[in-house]
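Report on the structure
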Amino acid sequence: MTCCERWEDIPATIADAQREWLEAVTENITPPDPDEEEFDDEGEYQGEFKGALNYYMSLDYNIVVIRKGLNCYRVALREIPKVSAFGPTPEAAVEMLRRAKENWLLDAFEEGIPIPLPQQDGSKVINISFN
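Summary of the structure given here. (Residues numbered from 1 in each chain as written. Predicted model: local features only at pLDDT ≥ 70, side-chain atom pairs only at ≥ 80, totals over all residues. Heavy atoms only, no water.)

Some details on the environment of Glu48
Here Glu48 is to be found in the loop between α1 (10-26) and α2 (50-58). C-alpha separation for the pair Glu48 and Phe109, spaced 61 residues apart in sequence, amounts to 9.7 Å. (Helix = DSSP H or I, 4+ residues; strand = E, 2+ residues; numbered from the N terminus.)

Some remarks on the packing of aromatic side chains
For the coordinates displayed, the defined rule picks out three aromatic pairs. With a centroid separation of 5.0 Å and an interplanar angle of 75 degrees, the aromatic rings of Tyr55 and Tyr56 are classed as edge-to-face. The partly exposed category is assigned to Tyr55, whose relative accessible area is 43%. You can call Tyr56 buried: its relative accessible area is 16%. Residues Tyr56 and Phe109 carry aromatic rings whose centres are separated by 6.0 Å and whose planes lie at 50 degrees to one another, so their mutual orientation is tilted. Of the two residues, Tyr56 is situated in helix α2 and Phe109 in helix α3 (residues 90-111); the sequence distance between them amounts to 53 residues. Looking at Phe109, the relative accessible area reads 15%, which means it is buried. (Phe/Tyr/Trp six-rings, centres within 6.5 Å; stacked < 30°, edge-to-face > 60°. Buried < 20%, exposed > 50% of the residue type's maximum accessible area, 1.4 Å probe, protein only.)

A short note on the pattern of salt bridges
The final tally for this structure, using the stated rule, is two salt bridges. The closest approach of N and O atoms between Glu95 and Arg98, which form a salt bridge, is 3.0 Å. Within this pair, Glu95 and its partner Arg98 are both found in helix α3, separated by three residues, close to a single helical turn. Here Glu95 ties to Arg99 by a salt bridge, and the two come within 3.3 Å at their closest N and O atoms. Separated by four residues within a single helix, Glu95 and Arg99 lie in helix α3, roughly one turn from each other. Residue Glu95 is classed as partly exposed on the basis of its relative accessible area, which comes to 31%. It is possible to trace a salt-bridge network through shared partners that takes in Glu95, Arg98 and Arg99. (Salt bridge = Lys/Arg side-chain N within 4 Å of Asp/Glu carboxyl O.)

What to know about the nonpolar core
Phe109 and Ile115 are the most contacted members of the largest nonpolar core, which totals 22 residues. Within the residue set of this core, elements represented by two or more residues are α2, β1 (63-69), β2 (72-77) and α3. Among the elements that take part in this core, α3 stands out by supplying seven residues, more than any other. (Core = buried A, V, L, I, M, F, W, Y, C linked by side-chain atoms within 4.5 Å.)

Topic: the environment of Arg78
With respect to the helices, strands and loops of the structure, Arg78 is situated in the loop between β2 and β3 (84-87). Of the residues examined, Arg78 reaches a relative accessible area of 38% and is grouped as partly exposed. Separated by 14 residues in the primary sequence, Arg78 and Val64 place their C-alpha atoms 6.3 Å from one another.

Focus on the side chain of Glu79
With respect to the element layout, Glu79 can be found in the loop between β2 and β3. In this structure, Glu79 is buried with no salt-bridge partner, the nearest side chain bearing the opposite charge being Arg78 at 4.5 Å. At 3.0 Å, the side chain of Glu79 forms a polar contact with the backbone nitrogen of Gln119. Those residues in contact with Glu79 that sit more than four places away from it in its chain are Tyr61, Asn62, Pro116, Leu117, Pro118 and Gln119. (Lys, Arg positive; Asp, Glu negative; His and termini not counted. Polar contact = N/O pair within 3.5 Å; in protein donor to acceptor, adjacent residues only side chain to side chain. Contact = heavy atoms within 4.5 Å.)

As far as function goes, none of this settles anything; it's purely spatial.
Structural data, given as structure tokens:
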């Protein structure tokens with residue numbers, strides 16, 4: 001025996017199951033506490049790591065730029081290989097990289113991951129590769 005005796009009952013059974021699932025999932029949802037929000041209305045981080053985040057974001061890390069195609073650029077931080085981004089232009093890719101760097105730093109602070117400092121010899125290094 002199946003869940004439905006007739007084919008006509010299947011849509012109603014699926015709809016019932018979806019409704020029951022939605023009720024079960026949303027039953028215990030509570031809205032976020034506004035006092036615990038870590039970002040302001042402009043999306044700027046305001047949490048406990050704000051000072052450290054501002055410090056590391058102000059450092060000039062070495063950026064590697066690789067052209068992957070006609071309208072595709074990959075950028076990465078040489079000292080933090082896990083931080084990379086893509087974009088249709090170098091400028092867009094670097095903006096996405098800034099966001100990726102910020103997110104990675106916040107994760108690193110929370111997880112206690114060591115954060116490398118930029119390696120510099122007095123000038124900013126940007127490696128560019130055109131494939």
